[in-house]
Structure formats: C-alpha cells, structure tokens
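Each chain is listed here by its residues.
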Amino acid sequence: MAQEAVLVELTGIYKEYDREVLQVDSLVLKKGLIYGIIGPSGAGKTTLLRIINLLTPPSSGTYHFKGKPLPGNGRERLALQRSMALVFQKTLLFRDSVWNNVAYGLRARKYSPAEIDRRVGQLLEQLGMADLAHRRADTLSGGEAQRVAIARAVAFDPELLLLDEPTANLDPGNVEVIEEMIRKMSRAGSMTVVMVTHNVFQARRIADEVIFIDDGKVVEMGPAKKIFSKAEHEKTRLYVEGRMIY
Ligand SMILES: Nc1ncnc2c1ncn2[C@@H]1O[C@H](COP(=O)(O)OP(=O)(O)OP(=O)(O)O)[C@@H](O)[C@H]1O
Ligand SMILES: [Mg+2]
C-alpha cells in the first residue's frame, strides 16, 4: 500500500556539539502521514528536523531516503534537499509580492513561467489567499505571513514538509487556519508532514503519529490516539498531561 511506503529512515543517529544533544536509535517516517514531534525545550526537536532536512550533518549514523543511502555527490544531495521544504517559526519572506514569494521555489527549480503562473494561482486560490496575491509580504500580519510561508514551501509539491513550530506566537484563529491548511495539503496528495510543536493539543489535533523526544532521545513514538490515551512510558504520560516538571 502506498500509504505504508517508507520515506525516511534514520538509524543510529547521534549528534554532539559540546555535548551529546541527540541520540536516535531508529526513526522511520512513512509516506503520506502527518507526524507531530513534541518534547520540552532543548530536547533536540529542531536538531532532528535539521538533520532530516540535511541542513545539519549528524556526528554519526545513517540516513536513507526512499530506501537509498544519502548521495555522496553534492549535486544529488541538493536535489534531494530540494524535494523537502522547511518552515520555521519566524518566517523570512522576501520584500516582494506574495505572488513572487510563492513563486520563488518554482523559479529556483526552473519551472516554466506558464507552469509557475498556473501553480501559484491555483495554490493561492486553494488556500483562500487569492486576495493577498499582490500585497507586499512586509505588510502582512504574522498569521498571513506564516500562511504565505507555508504556501511557498508547498508550491513545488515537496515530498516532505518540515515545520518547526509554525504556529507559535499566533492567535487561535490563525492557528486553526494553518492547521486546516496543513490537513488539506496532506489529504490532497502523498506529502509527508513533520511538525514540531510545543503544544500537545496541536499534536493531538493534527498528527497521525506522535514522536515524543526528551533529552535527545525518542522516548516513545506511536499513533496519536495511543500516545494521548495510553502511552507506554511514564514520562510520555506526564508530558502529554502537562505534569512533567523540568
Ligand atoms: N549549533 C549549535 N551549537 C551548539 N549547541 C546547539 C546548537 N544547536 C542546538 N544546540 C543545543 O542542542 C540542544 C537541542 O537543541 P534544539 O534546538 O534541537 O532543541 P529544541 O527541542 O528544538 O528546543 P526548543 O523547544 O527550545 O526549540 C540544546 O541544548 C541546544 O542548546
Ligand atoms: Mg526548537
């Protein structure tokens, strides 16, 4: 079944800076699912996301994408990186129109002008942002800017969408709009989504699978239903119930 195909597989991933910050024995991300990564501040969530996105090289360990080891060749590695999109909590949009911001990744990937017009138009329409198309990005509210950042990230149909606390600092209305956007895009295709969030309720609302990280380690990973109702580990239970002291 296509749903079950493995997209990313990490084995024995270890990362140290001046000390060990991440140690993941095994992590498998399947195609088409939405993953929520939760865990306390400093647990290693962003580091894990950056390793998955090939922005940060692990100190050791192996990484497979669709069953193949990472290419050693820089050009092939860039091509692989370009099949993924990463959205941060603090959006960096270009001081240009919304339209050009969304078109950016398509231009970088050498899509034809006609195809760019078609895709940007369709995407803005789909996401209810057609009215913002000609606004300058630096005049947008925080919530609008984050919607544009996500639209820009998905415009080229990435296989993997990585989101690092994309709704932190947004009001509940905007959080809801963005969660709905993510669900809609996930349902529309085979894109895999990995979303880091501090908010366990958000993970519960949106994720199929939840990964709980504490102190650099995956404490527990499983279907959202299970993690929130009958987690196996005491630490997971305490964290999702908001009772973890740290
Ligand atoms: N470039 C770096 N150099 C040194 N230490 C780093 C670097 N990046 C991250 N760290 C350390 O690695 C640990 C994990 O950081 P990371 O940013 O992955 O945590 P996080 O779970 O995303 O936290 P938060 O919820 O606060 O964003 C932290 O102790 C952090 O200080
Ligand atoms: Mg972080």
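Whatever comes next refers back to the structure up there.
Here the structure is a predicted model, which is why all the values come from computation and not from measurement.

Enquirer: Summarise the sheet that holds strand 7 (residues 160–164); cite the residues concerned and give the values.
Expert: Pairing is mixed across the open sheet formed by 6 strands, whose spatial order is 6-7-8-3-9-10. The sheet terminates laterally at strand 6 (84–87) and strand 10 (217–223), the two strands that pair on one side only. Averaged over all pairs of adjacent strands, the angle between their axes in this sheet comes to 15 degrees, without regard to strand direction. Note: strand 9 (residues 209–214) against strand 10, 6 bridges, orientation antiparallel. Note on strand 10: the bridge partner recorded for phenylalanine 212 is glutamate 220. Sheet strands touched by helix 1 (residues 45–52): strand 3 (34–38), strand 6, strand 7, strand 8 (192–196) and strand 9. Its angle to strand 7, the strand with the most contacts, is close to 155 degrees. Across the sheet, helix 6 (residues 172–188) is in contact with strand 3, strand 7 and strand 8; its angle to strand 8 comes to roughly 155 degrees.

Enquirer: Residue-level account of the site of ligand 1, with values.
Expert: In the vicinity of ligand 1, 13 residues are found, and the nearest of them are Arg19, Ser41, Lys45, Thr46 and Thr47. In the environment of ligand 1, an oxygen atom lies 2.5 Å from a nitrogen or oxygen atom belonging to the side chain of serine 41. Separating an oxygen atom of ligand 1 from a backbone N or O atom of glycine 42 is a distance of 2.8 Å. Here ligand 1 has 630 Å² of accessible area as a free molecule, and 61% of this is covered by the chains. Ranked by residue count, the leading element in the shell around ligand 1 is helix 1, at 3 residues. Tallied by class, residues from the shell around ligand 1 come to 4 nonpolar, 6 polar and 3 charged.

Enquirer: Which residues make up the pattern of salt bridges, and what are the values?
Expert: A side chain with one charge may pair with a side chain of the opposite charge, provided their charged atoms come close. Overall, the coordinates contain 17 salt bridges when judged by the stated rule. Here aspartate 138 makes a salt bridge to arginine 95, at a shortest N to O gap of 3.3 Å. Within this pair, whereas aspartate 138 is found in the loop between helix 4 (113–126) and helix 5 (142–154), its partner arginine 95 is found in the loop between strand 6 and helix 3 (98–108), the two being separated by 43 residues in sequence. On the basis of relative accessible area, aspartate 138 is assigned to the partly exposed category, the value being 39%.

Enquirer: So what's going on with the packing of helix 3 against helix 5? Residues and values would help.
Expert: Relative orientation of the contacting elements helix 3 and helix 5 amounts to 30 degrees, with a least axis distance of 7 Å. The handedness of the crossing between helix 3 and helix 5 is right-handed. Between helix 3 and helix 5, the contacting residues are Val98, Asn101, Val102 and Tyr104 on the first element and Val148, Ala151 and Arg152 on the second. By residue class, the composition of the contact of helix 3 with helix 5 is 5 nonpolar, 1 polar and 1 charged.

Thresholds, definitions, all that
- Residues numbered from 1 in each chain as written.
- Chains lettered and ligands numbered in written order.
- Predicted model: local features only at pLDDT ≥ 70, side-chain atom pairs only at ≥ 80, totals over all residues.
- Heavy atoms only, no water.
- Pairing = 2+ DSSP bridges.
- Helix = DSSP H or I, 4+ residues; strand = E, 2+ residues; numbered from the N terminus.
- Axes fitted to C-alpha atoms, helices over the stretch in contact; angles between N-to-C directions.
- Contact = heavy atoms within 4.5 Å.
- Near = heavy atom within 4 Å.
- Polar contact = N/O pair within 3.5 Å; in protein donor to acceptor, adjacent residues only side chain to side chain.
- Areas by Shrake-Rupley, 256 points an atom, 1.4 Å probe, with all protein chains shown as cover.
- Nonpolar A, V, L, I, M, F, W, Y, C, P; charged D, E, K, R; others polar.
- Salt bridge = Lys/Arg side-chain N within 4 Å of Asp/Glu carboxyl O.
- Buried < 20%, exposed > 50% of the residue type's maximum accessible area, 1.4 Å probe, protein only.
- Left-handed = near helix turned anticlockwise from the far one by under 90°.

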